[in-house]
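Single-letter residue listing:
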Amino acid sequence: MAKVLPFAAYRPAEDVVSEVAALPYDVYKRAEAKEFVDGHPKSFLRIDRPETQFPDDFDMYSQEVYDKARDMLAEDMSNGTYIHDEAPAYYIYELIMDGRSQTGIVAAASVDDYIDGTIMKHENTLAAKEQDRINHIYNCGAQTGPIFLAYRDRSRVNEIVNKIKQTEKTYGFTADDGVTHNVWCISDDQDIAVIKAEFADENRIYIADGHHRAASAVKVGLRKREENPGYTGEEDFNYFLSVLFPESELAILPYNRVVKDTNGLSAEEFLSEVAKVCDVKEVAEAYQPEQKGTFGMYFGNTWYELKIHENLLSDDPVAGLDVSLLQDNILGPVLGIEDPRTDKRIDFVGGIRGLGELERRVSVDMEIAFSMYPTSISELFDVADAGLLMPPKSTWFEPKLRSGIFIHKI
């Protein structure tokens, strides 16, 4: 039984929302963030990455940096950049990329649902990455980057969303990268009651993207509970900013792999080892797999289609993933990459970058590239339902949710 609530958002004034809305903090390296903020002075990225306001050699994890984020957010909330919706509401958030639309509901999800497993995870988190966001959320007193949640379609929720989308938008703008962002407010009491009840009837919601942000928000909530021993459970710190998408709206892009060398094998030896586990066919052009159990491989300036041998397929939710089949049959035993989380010989390339990026990496700093068939949302659900974890870099979601459009004060 999930508790997904409306909330009174702080959100940018309509005339500045396109300037404020920013890609997630973790898609930028430090120098890239600094350069972007220099050219976009109203961007929320300056608050999400407050080290951009300091010299390049300044400790980006110092208290002074987090205090700067707090002060900039407070200034924006007092100078008219942000407005505050006094009454709790749900919001509809539609993103359109390359003609494809996906629409979710912006809401406050429950810390307790995360703790008891109603909100289900499929990835581990790293303590160091969590701590940065814990400090940011705690010092700002606000959650600024929404967690990307998914749920199985509920027809009554879909009906309300489709009805509201026929009305006038609260916002509508197209960002520099060509992604369109549309927002509507759901303020009708009856609609709110239906959505709340529908989610209350849901016993499983899934983190699609944002595991570190979710874990950090929960830990801040638990810290606030310790500081407020008389808490009732209804305080804002018991909830975290989320956008919830129905399964039918989502598509996952592949997360491709590039490898630095052949682990000491000659080209002939390497191809021979691959042929022991895959049917190998040379193809004339860059190859994007079109079915499970199939990979593209770029090696020696040549593209190959690799089809994993049928006897190696698995019904296990994790072992049967294409990223696992590649890891367990080629990356590990042939190329010697036993732990892709820590091995410096492997890197990961989001599918949004295309096959040309794989060719470029092989020409610059890698020797082999693998193009993947994307993990499906149903596979993500199956792994989480089984209480298991996906291998690292199994899913790539696009378009990315913008930060700064919705602020949840705690």
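Preceding this paragraph is the structure being described.
What comes next is a walk through the structure. (Residues numbered from 1 in each chain as written. Predicted model: local features only at pLDDT ≥ 70, side-chain atom pairs only at ≥ 80, totals over all residues. Heavy atoms only, no water.)

**Examining empty space enclosed by the protein**
To keep it simple, the criterion reads: Points on a 1 Å grid over protein atoms alone make up a cavity when a 1.4 Å probe fits among them but cannot get out, and a pocket when they form an open set with protein on both sides within 12 Å along at least five of seven lines; lining residues each have an atom within 4 Å of a point. Grid points are joined across faces, edges and corners, and a volume is the space filled by probe spheres set on the points. Only DSSP runs of H or I reaching four residues or more are called helices, and only runs of E reaching two or more are called strands; each is numbered from the N terminus. Here the nonpolar group is Ala, Val, Leu, Ile, Met, Phe, Trp, Tyr, Cys and Pro; Asp, Glu, Lys and Arg are the charged ones; every other residue, Gly included, is treated as polar.
On inspection of all chains with the given rule, the structure shows one cavity of 30 Å³ or more. Approximately 100 Å³ is the volume attributed to the largest cavity. Of all the secondary-structure elements, those providing two or more residues to the lining of the largest cavity are α6 (127–140) and α9 (211–227). The element that contributes the greatest number of residues to the lining of the largest cavity is α6, accounting for three residues. In the lining of the largest cavity, the residues fall into four nonpolar, four polar and three charged.

**Notes on the packing of aromatic side chains**
Applicable threshold: Between the rings of Phe, Tyr and Trp (Trp by its six-membered ring), a pair exists once the centres lie within 6.5 Å; its type follows the angle of the planes, with under 30 degrees stacked, over 60 edge-to-face, and the other angles tilted. Relative accessible area decides the class of each residue, using a 1.4 Å probe on protein chains only: under 20% of the type maximum gives buried, over 50% gives exposed, and in between gives partly exposed.
For the coordinates displayed, the defined rule picks out 14 aromatic pairs. Seen from their ring centres, Phe54 and Phe58 are 4.6 Å apart, and the 20° between their planes marks the pair as stacked. Residue classification places Phe54 among the buried positions, given a relative accessible area of 11%. Looking at Phe58, the relative accessible area reads 25%, which means it is partly exposed. With a centroid separation of 5.0 Å and an interplanar angle of 75°, the aromatic rings of Tyr151 and Phe199 are classed as edge-to-face.

**Describing the nonpolar core**
Applicable threshold: In plain words, nonpolar cores are sets of buried Ala, Val, Leu, Ile, Met, Phe, Trp, Tyr and Cys residues tied together by side-chain atoms within 4.5 Å. Contacts are assigned to residue pairs with any non-hydrogen atoms lying within 4.5 Å of each other.
Counting 65 residues, the largest nonpolar core has Tyr93, Phe270, Leu306, Ile330, Leu335 and Phe370 as its most contacted members. Those residues within four positions of Phe270 in sequence are excluded, and the remaining contacts are Thr262, Leu265, Met297, Phe299, Val334, Leu335, Ile368 and Phe370. One finds Ile92, Tyr114, Ile134 and Ile164 within the second-largest nonpolar core, a separate group that totals 34 residues.

**A short note on the pattern of salt bridges**
For side chains bearing opposite charge, pairing can occur when the charged atoms are close. Rules: We define a salt bridge as a contact between a side-chain nitrogen of Lys or Arg and a carboxyl oxygen of Asp or Glu at a distance within 4 Å.
With the rule as written, the count across this model stands at 32 salt bridges. Of the charged contacts in the structure, one is a salt bridge between Asp76 and Arg46, with a shortest N-O distance of 2.8 Å. One end of the pair, Asp76, is in helix α4 (residues 63–78); the other, Arg46, is in helix α3 (residues 45–48), with 30 residues separating them in the sequence. Residues Asp76 and Arg46 agree in their burial class; the two are buried. The shortest N-O distance in the salt bridge between Arg225 and Asp112 comes to 3.1 Å. Placement of Arg225 in helix α9 and of Asp112 in helix α5 (residues 111–116) is noted, with a sequence separation of 113 residues between them. Its relative accessible area of 35% is what places Asp112 among the partly exposed residues. A single salt-bridge network, built from bridges that share partners, covers Arg154, Arg156, Glu198, Asp201 and Glu202.

**A word on helix α7 (residues 155–164)**
To keep things clear, this is the line we draw: For this quantity, the arc is that covered by the directions from the helix axis to the C-beta atoms.
Listed as buried for α7 are Val157, Ile160, Val161 and Ile164. One side of α7 carries all its buried residues, which in axial view fall inside an arc of 100°. Elements in contact with the buried residues of α7: β4 (90–97), β5 (100–110), β8 (147–151), β10 (180–186) and α8 (189–200).

**Here we look at the sheet that holds strand β19 (residues 368–371)**
Note the cut-off: Criterion used throughout: strands pair if DSSP finds at least two bridges between them. Here the axes come from fitting lines to C-alpha atoms, over the contacting stretch only for helices, and the angles between their N-to-C directions go from 0 to 180 degrees.
Across the sheet, which stays open at both edges, the six strands sit in the order β15-β17-β16-β19-β14-β18 with antiparallel pairing between neighbours. In this open sheet, the two edge strands, each paired with only one partner strand, are β15 (278–283) and β18 (346–350). When the angles between neighbouring strand axes are averaged without regard to direction, this sheet yields 25°. The pairing of strand β14 (residues 255–259) with β19 spans three bridges and is classified as antiparallel. Residue pairing in the sheet places Val259 in a bridge with Ile368 of β19. Strand contacts of helix α10 (residues 267–275): β15, β16 (294–299), β17 (302–308) and β19, with the helix running at about 180° to β16, the strand carrying the most contacts.

**Remarks on the layout of surface pockets**
Approximately 310 Å³ is the volume found for the second largest pocket. Residue lining of the second largest pocket: 18 residues in total, with Ser18, Ala21, Phe36, His40 and Asp176 positioned closest to the centre. Where the lining of the second largest pocket is concerned, the elements lending two or more residues are α1 (17–20), α2 (30–39) and β9 (171–174). Here the lining of the second largest pocket is built from residues that sort into eight nonpolar, five polar and five charged.

**Here's the deal with unusual backbone geometry**
Along the chain, Glu398 connects to Pro399 via a cis peptide bond; the corresponding omega equals -5°. Relative to the helices and strands, Pro399 is located in the loop between β20 (396–397) and β21 (408–409). The backbone of Asn263 shows a phi angle near 60°, a positive value even though the residue is not glycine. In this fold, Asn263 is placed in the loop between β14 and α10. What makes Asn263 partly exposed here is its relative accessible area of 39%. In this model, Asn301 sits at a positive phi of 60°, which is unusual for a non-glycine residue.

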